[in-house]
Amino acid sequence: MFNSIKVKLTIIFLLWSLVPLVMLRFIVYPVVHRAFEQMVIQNLTGVGHKQSEFVSSWMKERKNDAALLASDACIMAFHRCPTDSAEFKRILTQLEFVRDTHGYKDILIIDKEGKVKAGTEKNLVGIYLTEFDFFQEAIKGKVYVSKVTPSTFPALNEFGDREYGVPSLFVSSAVRDEGYNIQGVLALQVALVTLSNEMRKVKLGETGETYLVDKDGLMITESKFINTIRQMGLIKKRTSLELKVIDPTTGKLTRAAEECVRGKEGYDAKGYLDYRGVRVLGVWHWLSEYGWGVISEIDLEEAYAAPSGMQRQFLVTIFVLAGVLVLVSIY
């Protein structure tokens, strides 16, 4: 059969025609794919750096708000104002104005004994908060950012209702009198949902997202895929403090979360399973000042859609041309 001139010519014709295409697939394509991979990671890394810087800047603004409000002359005199005085009413009006203007959940003024002297939520006035870190650290003279913990008193949730166990973040500052003596603490309760919404303004494709994790690997902002993971039964109400960022196939922290908990930063261009069990590319940073990890991820399928499509086109082209060339050579 192979001694036939017709068969030999057909084979030679096919080889001369297909070899360049095969070389393109196995030599040129890998180079193009690596270049595209580097471009994707550079873009993802840029988004990760931008988000990390944004979180740091956003929290710095919250600390500045606490320090400036605590140094206001009206607030500094709170310990001398009777609760039924006009000065005290002005303090409450100012607290409500700052709360509504800057989007805080609550603002509290706590005396040296840890008792809430004034606040935007009247039901909290009179309770003692001495056991909380935001009071203990601020009363020492610091501007302090607390850990994100479930509230042990009724706090505003993302729906405007008050409930126990709401993920709470406080930024606090010492309140001093004219003689620079510490008289109490001013505490701002930050809305974590606001931070989540601000972070989502930085677009990262259709499936990309950035979220924060704490030192235990718990997500402390809201996931972009909250409806999906609620249907999966991973959460009941929200992702903040409910969702541990683990690989569902192993039960261990995802690659990004594990690296963050170890205080490292880096990226993965090959892909790993995220908390949904979807393979993603990721970049991560650790903010040691707050004990938070900033993780930016995008589904691997979307990230590498272009080179994958290119590979399919190569293969389809090779097989189609092979068929055409066989027919032509036989003819």
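Residues numbered from 1 in each chain as written. Predicted model: local features only at pLDDT ≥ 70, side-chain atom pairs only at ≥ 80, totals over all residues. Heavy atoms only, no water.

Asks: Please set out the packing of aromatic side chains residue by residue, giving values where relevant.
Replies: For the coordinates displayed, the defined rule picks out seven aromatic pairs. Between Y272 and W284 the ring centres are 6.3 Å apart and the planes differ by 75 degrees, which places this aromatic pair in the edge-to-face class. Here Y272, found in strand β12 (residues 266–273), pairs with W284, found in strand β13 (residues 279–287); they are 12 residues apart in sequence, far enough to count as distant. Each of the two residues, Y272 as well as W284, counts as buried. Here the aromatic residues F132, F134, F153 and F170 are joined through ring pairs into a cluster of three or more. The ring of F225 has R276 sitting right over it, with the charged end atom 3.9 Å from the ring centre. (Phe/Tyr/Trp six-rings, centres within 6.5 Å; stacked < 30°, edge-to-face > 60°. Helix = DSSP H or I, 4+ residues; strand = E, 2+ residues; numbered from the N terminus. Buried < 20%, exposed > 50% of the residue type's maximum accessible area, 1.4 Å probe, protein only. Lys NZ or Arg CZ within 6 Å of the ring centre and 35° of its normal.)

Asks: Before we move on, could you go through empty space enclosed by the protein and cite the residues and values that matter?
Replies: Throughout the structure, instances matching the rule amount to one cavity of 30 Å³ or more. Approximately 80 Å³ is the volume found for the largest cavity. Along its surface, the largest cavity is lined by K105, E158, V166, P167, L192, V193, S196, I220, T221, E222, R238 and S240. Here the lining of the largest cavity gets three residues from one element, more than from any other, and that element is helix α5 (residues 192–199). Partitioned by chemical class, the residues of the lining of the largest cavity number five nonpolar, three polar and four charged. (1 Å grid on protein atoms, 1.4 Å probe; cavity = no way out; pocket = protein on both sides within 12 Å on 5 of 7 lines; lining within 4 Å. Points joined across faces, edges and corners; volume = space filled by probe spheres on them. Nonpolar A, V, L, I, M, F, W, Y, C, P; charged D, E, K, R; others polar.)

Asks: Describe in detail the layout of surface pockets, supporting the description with residues and values.
Replies: By volume, the largest pocket is sized at about 340 Å³. Surrounding the largest pocket, 16 residues form its lining, S146, K147, V148, Y290 and G291 being those nearest its centre. Grouping the constituent residues of the lining of the largest pocket by class yields seven nonpolar, three polar and six charged. Approximately 210 Å³ is the volume found for the second largest pocket. Forming the walls of the second largest pocket are 16 residues, and the residues nearest its centre are R200, V202, G208, E209 and K224. Elements supplying a minimum of two residues to the lining of the second largest pocket: α5 and β9 (209–213). Considering only residue class, the lining of the second largest pocket consists of four nonpolar, seven polar and five charged.

Asks: Give a description of unusual backbone geometry that names residues and reports values.
Replies: Unlike most non-glycine residues, Y180 shows phi in positive territory, near 65 degrees. With respect to the helices, strands and loops of the structure, Y180 is situated in the loop between β7 (167–176) and β8 (182–190). If you check the backbone angles, L241 has positive phi at about 70 degrees while not being a glycine. Along the chain, L241 turns up in the loop between α6 (226–231) and β10 (246–247).

Asks: Describe the side chain of S151, listing the residues and the values that go with them.
Replies: Along the chain, the position of S151 falls in the loop between β4 (149–150) and β5 (155–156). From its side chain, S151 meets the backbone oxygen of F153 in a polar contact 3.1 Å long. Setting aside anything within four residues of it in sequence, one finds S151 in contact with E163, Y164, G165, V166 and S168. (Polar contact = N/O pair within 3.5 Å; in protein donor to acceptor, adjacent residues only side chain to side chain. Contact = heavy atoms within 4.5 Å.)

Asks: Summarise the environment of L204; cite the residues concerned and give the values.
Replies: With respect to the secondary-structure elements, L204 resides in the loop between α5 and β9. Assessed through its relative accessible area of 11%, L204 is described here as buried. Sequence-wise, L204 and L44 are 160 residues apart; in three dimensions their C-alpha atoms are separated by 7.9 Å. Apart from residues lying up to four places away in sequence, L204 is in contact with L44, V47, E209, S296, E297 and I298.

Asks: Please give an account of the pairing of β8 that cites residues and values.
Replies: Within β8, eight of the nine residues are buried, which leaves it mostly tucked inside the rest of the structure. Summarising the sheet, β7 and β8 pair through eight bridges and their orientation is antiparallel. Its bridge partner being in β8, F170 is matched across the sheet by Q189. The hairpin turn running from β7 into β8, its antiparallel successor, is five residues long, and Y180 in that turn takes a positive phi close to 65 degrees. (Pairing = 2+ DSSP bridges.)

Asks: If you had to explain the pairing of β9 to someone new, which residues and values would you point to?
Replies: Most of β9 is tucked away: five of the five residues are buried. Residue alternation in β9 divides its side chains into two sets, E209, Y211 and V213 and T210 and L212, and both sets are buried. Two elements, β9 and strand β14 (residues 292–299), share five bridges in a ladder whose sense is antiparallel. When the sheet's bridge partners are listed, T210 is paired in β14 with S296.

Asks: Mind laying out the side chain of E163, listing which residues take part and the relevant values?
Replies: Mapping E163 onto the fold places it in strand β6 (residues 162–163). A distance of 2.9 Å separates a polar atom in the side chain of E163 from a polar atom in the side chain of K237. Polar side-chain contacts of E163 include one of 3.4 Å to the side chain of R238. E163 has contacts with S151, F153, P154, A155, N157, K237 and R238, leaving out every residue within four places of it along the chain.

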